[in-house]
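# Chains, contacts and geometry: an overview
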Amino acid sequence: LSFLQGTLGIVGGWMGWNMSKIRVPTKTNGTTRPIPPPKAWILRAVPLGLAAGLLNFGSIVTETLLLMNALWLEQYYVSVEVLLCTFVLSTLTVAATSIVLTFLHLSQESHRWWWNSFLTGACAGLYLLLYSVWFMAERLNLAGAFAVVLYGTTMSVISILFGTYCGTVGMLASFWFN
């Protein structure tokens, strides 16, 4: 395993070093001017991220319930086609939401659109974590501290991975939009 990690690290570093540089799609102006503050509290990063995360997670909440039933309650889940459609729907929803909110940020001349576009997608992972806490409290009958720690750790990792995926999709879609 260590040999594989080292080899992949070296190959990835070599490929990244030899790639062409990313060209930023915007032109910079030679004259400097002050950055305007955000005009409304609703257009700041946290409220927009939470609203976008709710929209992104809301598009897949039914499928999430079916997947968690299959994972934790041993109810068999056989519809892989529906899972693929949900994955595509989630990706398109995150991309569209991030593009729209990036447009709002750019229309206010906000230079922080990079992290805001990541945050609009990544907040879906926060809602997945909250949903998993609700699922544990309402649906699961966990006996013992080990079961709770195992469930919490597993769902935390899944939520972080889902949030990272959605944030990356949102940032790349916004970068492509620009």
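Residues numbered from 1 in each chain as written. Predicted model: local features only at pLDDT ≥ 70, side-chain atom pairs only at ≥ 80, totals over all residues. Heavy atoms only, no water.

### Looking at the nonpolar core
Our working rule: Among the buried residues, those of types Ala, Val, Leu, Ile, Met, Phe, Trp, Tyr and Cys that are joined through side-chain atoms within 4.5 Å form a nonpolar core. Residue exposure (1.4 Å probe, protein chains only): buried if accessible area is under 20% of the type maximum, exposed if over 50%, otherwise partly exposed. Helix and strand assignments come from DSSP, with helices taken as H or I runs of at least 4 residues and strands as E runs of at least 2, each series counted from the N terminus. Pairs of residues are marked as contacts when any of their non-hydrogen atoms sit within 4.5 Å.
Ranked by internal contacts, the top residues of the largest apolar core, which has 18 residues, are Phe57, Met68, Phe135, Tyr151, Phe162 and Cys166. Within the residue set of this core, elements represented by two or more residues are helix H4 (80–107), helix H5 (113–138) and helix H6 (145–177). Per-element tally for this core: the top contributor is H6, with six residues. Apart from the residues within four sequence positions on either side, tyrosine 151 is in contact with Met68, Trp72, Ser132, Phe135, Met136, Leu140 and Leu142.

### Remarks on helix H2 (residues 45–58)
Helical geometry note: an α-helix holds 3.6 residues per turn, so side chains three or four residues apart project in the same direction. This is how it is decided: Multiplying 1.5 Å by the helix residue count minus one yields the expected span of that helix. Note that the arc is computed from the directions linking the helix axis to the C-beta atoms.
Its 14 residues place the ends of H2 19 Å apart at the C-alpha level, agreeing with the 20 Å of an ideal helix rising 1.5 Å per residue. Among all positions in H2, only Leu48, Gly49, Ala52, Gly53, Asn56 and Phe57 are buried. Across the axial projection of H2, the buried residues extend over an arc of 155 degrees, all falling on one side. Residues of H2 that are buried in the fold lie against helix H3 (61–72), H4 and H5.

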